[in-house]
Amino acid sequence: MTKALSISGLKKSYDNGFEALKGIDLSVEEGDFFALLGPNGAGKSTTIGVLCSLVVKSAGQVSIFGTDIDQDFSKAKRDVGVVPQEFNFNQFEKVADIVINQGGYYGLPRAVAVERAEKYLRKLGLWEKRNMPSRSLSGGMKRRLLIARALVHEPRLLILDEPTAGVDIELRRSMWKFLKEINAEGVTIILTTHYLEEAESLCRHVAIIDKGLIVENTNMKSLLQRLDKEVFVFDLLSVLTQAPSLEDYPVTLLDGKTLEVELKKGQSLNHVFSLLADQSIEVVSMRNKANRLEELFVSLVDKTEDQDEPVVGAKQ
Amino acid sequence: MKMAEQWIALSTIVRKEIVRFTRIWVQTLLPPVITMGLYFVIFGQLIGSRIGQMDGFSYVEFVVPGLIMMSVITNSYSNVVSSFFGVKFQKSVEELLVSPTPNYIILLGYVLGGVSRGLLVGFIVTLVSSFFTDLTIHSLPITIAIVFMTAVVFSLAGFFNAVFARTFDDISIVPTFILTPLTYLGGVFYSISLLPPFWQSVSQLNPILYMVNAFRYGILGISDININYAFFGVLVFIILLTVICLRLLARGTRLRS
């Protein structure tokens, strides 16, 4: 299968000596929904900046659908649509003009750009606002405008840099639905996000970047399988005065009617339920304590923190 | 990018620029008309009638080409510097930078935008001047060629300024401290033959003097300098500034990190 994106040895150093990317290797298959995760300042936006030519790389190779950006960046750019983190459109320009003009910059005849602008503004619920200046839109609408603008030239690879930051949950879910639809139509998607639940629900593959290095690159399923424990929260029917004893399962009573139970990999939830039933404890609902991916993410990023810790007492 | 696509990208930029300056016509088109109208009233009618003739023409006739050129210079420059700095400041320049639009199309688009405003304002000021004097044109090709080339030079200079500017102060420094003094001392209001020999020589170092005089030659048929020098100088400036601006765009100076 063609690689939508292939990055090898990508480095970026700034004039002040800061090394934002220390040699990244990454590949994304065509049609994938790929998450690029990492804490603030890890290098996610720098990587995206290189892919869309806003950041000039210091070393390494980048190919987009087989086109080396050093050989023909213009061709590579046609296949990429970028949704940046910041609202980088003209605040005084009309919504429709922003999308239509972007089509013009990609060489789309005006009639086609107008047609596509209508298509994507309608899909993203912005058609009614087409003649409004962009500054009058709400934060969520501005995010959707960025997506419409990125799609007007119908790229094969869509890169979204924290597209749902500051967006309410209802809108976030409608954006997820939209992104799943366009991915199903064949558009490869790379997503950076701080909402790990978002990555878990949308993405098939994930790379975690920290301090300019890829610390994990795998598919979501196998990453989640590496979780060795999970904490479940049980809401109880009756009030308990003390935490019940559940054999090998560590239990914490949060309040009279809420219980936290920790399960190791391979342990059975059915067994926990039967132990609770034996003690006449009825469960009315259950949920994960924390997002599973979040736990893994923290453990992976913590690991690199540990490696960077100076050795206490080391000779200077 | 194919030629047809480049043409679309170019026309998109130019259209956007023209829409921008016509949408804010109260800020862009009206002020030069009022300012130049006042110049015509004061220097042409009130004071000009007492000054008498300048190089064989009434003072208002003498001053009109200079004032038209002054508005072309100022408007070409300020259109590009404010527009390009504006998109840089709002980061909407990234719309262009992420697209396959070649650098020379970006530069040409903004320059044509600046030229459009410069020439439109020049045309409006010419219309206003017709209320104060009868304009007859000595050489239409020379007039059109020099005004067009001058608008190109100052649009390029505006682009250069916008690339380097970090703040709004930076885009007003050049017009205030360089452009305005050079324009006022560039033979707009007087013939340098009135100056002592030393100051005549100093004035000849001012490039705007050549542009104003070449334009005045096109309209009135008189000039303080050899207009061939003017065309040559303007051409050199165009080539030099184009090369510099394209290099800045290729390097991504203050545009890409």
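Throughout this document, residue positions are counted from 1 along each chain, in the order its sequence is written. Labels follow written order: the first chain is A, the first ligand is 1, and so on. Only residues with pLDDT of at least 70 are given local features in this predicted model, and only at 80 or more are side-chain atom pairs given and counted; all residues enter the totals for whole chains, interfaces and linings. Calculation of side-chain values draws on the structure's entire complement of heavy atoms; hydrogens and water are dropped beforehand.

**Q** How do you make sense of the domain arrangement of chain A when you look at a structure like this?
**A** The parts lose accessible area when they come together, and the size of an interface is often stated as this lost area. Domain borders in the structure are assigned automatically or taken from a domain database. Domain assignment breaks chain A into domain 1 (3-224) and domain 2 (227-292). Summarising the inter-unit geometry, the C-alpha centres of domain 1 of chain A and domain 2 of chain A are found 41 Å apart.

**Q** Is there a simple way to think about the sheet that holds strand 1 (residues 3-13) of chain A in this case?
**A** Residue and element names in this part refer to chain A. Strands pair, by our definition, only if DSSP identifies at least two bridges between them. Helix and strand definitions follow DSSP, with helices as H or I runs of at least four residues and strands as E runs of at least two, each counted in order from the N terminus. Reading across from one edge, 2-1-4-5 is the order of the four strands in this open sheet, with antiparallel pairing throughout. The sheet is open, and its two edges are formed by strand 2 (19-29) and strand 5 (67-68), each paired on a single side. Across five bridges, strand 1 lies against strand 4 (residues 59-64) in antiparallel orientation. For Leu 5, the partnering residue across the bridge sits in strand 4 and is Ile 64. Helix-sheet contacts for helix 1 (residues 44-51) involve strand 1, strand 2 and strand 4, and the interaxial angle to strand 1 is about 115°. Contact criterion: two residues are considered in contact whenever any of their non-hydrogen atoms come within 4.5 Å of each other. Every axis in this analysis is a line fitted to C-alpha atoms, fitted for helices over the stretch in contact. Angles between the N-to-C directions lie between 0 and 180 degrees.

**Q** Just to check I follow, could you spell out helix 1 of chain A for this structure?
**A** Within an α-helix, residues lying three or four positions from one another point in the same direction, as the helix has 3.6 residues per turn. All names here are of chain A. Counting buried residues in helix 1 gives seven out of eight residues, a clear majority hidden from the surface. Note on classification: 1.4 Å probe, protein chains only; a residue is buried when its accessible area is under 20% of the maximum for its type, exposed when over 50%, partly exposed between these limits. Restricting attention to buried positions, one finds in helix 1 the residues Lys 44, Thr 46, Thr 47, Ile 48, Gly 49, Val 50 and Leu 51. Ser 53 sits one or two residues past helix 1 and shows a positive phi near 75°.

**Q** Explain the interface of chain A and chain B to me, please; I cannot follow it from the model alone.
**A** Contacts between the two partners involve 29 residues from chain A, matched on the other side by 23 residues from chain B. Defined here as a combined quantity, buried area equals the accessible surface (1.4 Å probe) lost by two parts on assembly, summed across both. Summing the contributions of chain A and of chain B, the shared interface buries around 2500 Å²; its carbon and sulfur component is 49%. For the chain A face of the interface with chain B, the top three residues by lost area are Leu 54, Asn 88 and Tyr 105 of chain A, together amounting to 29%. Any Lys or Arg side-chain nitrogen located within 4 Å of an Asp or Glu carboxyl oxygen qualifies as a salt bridge. Applying the counting rule to chain A against chain B returns four salt bridges. The salt bridge partner of Glu 5 of chain B is Arg 78 of chain A, with a shortest N-O separation of 2.6 Å. Whenever a nitrogen or oxygen atom comes within 3.5 Å of another N or O atom, the pair is scored as a polar contact, on the condition that within protein one atom can donate a hydrogen and the other can accept it, and that pairs from neighbouring residues in sequence are kept only if both atoms are in side chains. For the interface between chain A and chain B, the tally reads 16 residue pairs in polar contact (both at pLDDT 80 or more). Taken together, the elements giving at least two residues each to the side of chain A that touches chain B come down to helix 2 (69-78) and helix 3 (95-105) of chain A. Considering every element that reaches the side of chain A that touches chain B, the biggest residue donor is helix 3 of chain A, with five residues. Note that Gly is not counted as nonpolar here; it falls among the polar residues with everything else outside the nonpolar set of Ala, Val, Leu, Ile, Met, Phe, Trp, Tyr, Cys and Pro and the charged set of Asp, Glu, Lys and Arg. Taken together, the residues of the side of chain A that touches chain B sort by class into 13 nonpolar, nine polar and seven charged.

**Q** Would you mind going over the sheet that holds strand 12 (residues 251-255) of chain A with me for this structure?
**A** Backbone hydrogen bonds are what pair the strands of a sheet, in a parallel or an antiparallel way. All names here are of chain A. Overall, antiparallel pairing links the four strands, which are arranged 12-13-11-14 in an open sheet. The open sheet is flanked by strand 12 and strand 14 (283-288), the only strands paired with a single partner. Between one strand and the next, the sheet's axes are offset by a mean angle of 25°, whatever the strand orientation. Pairing analysis gives five bridges linking strand 11 (residues 229-236) to strand 14, with the strands arranged antiparallel. Paired with Phe 232 across the bridge in strand 14 is Asn 288.

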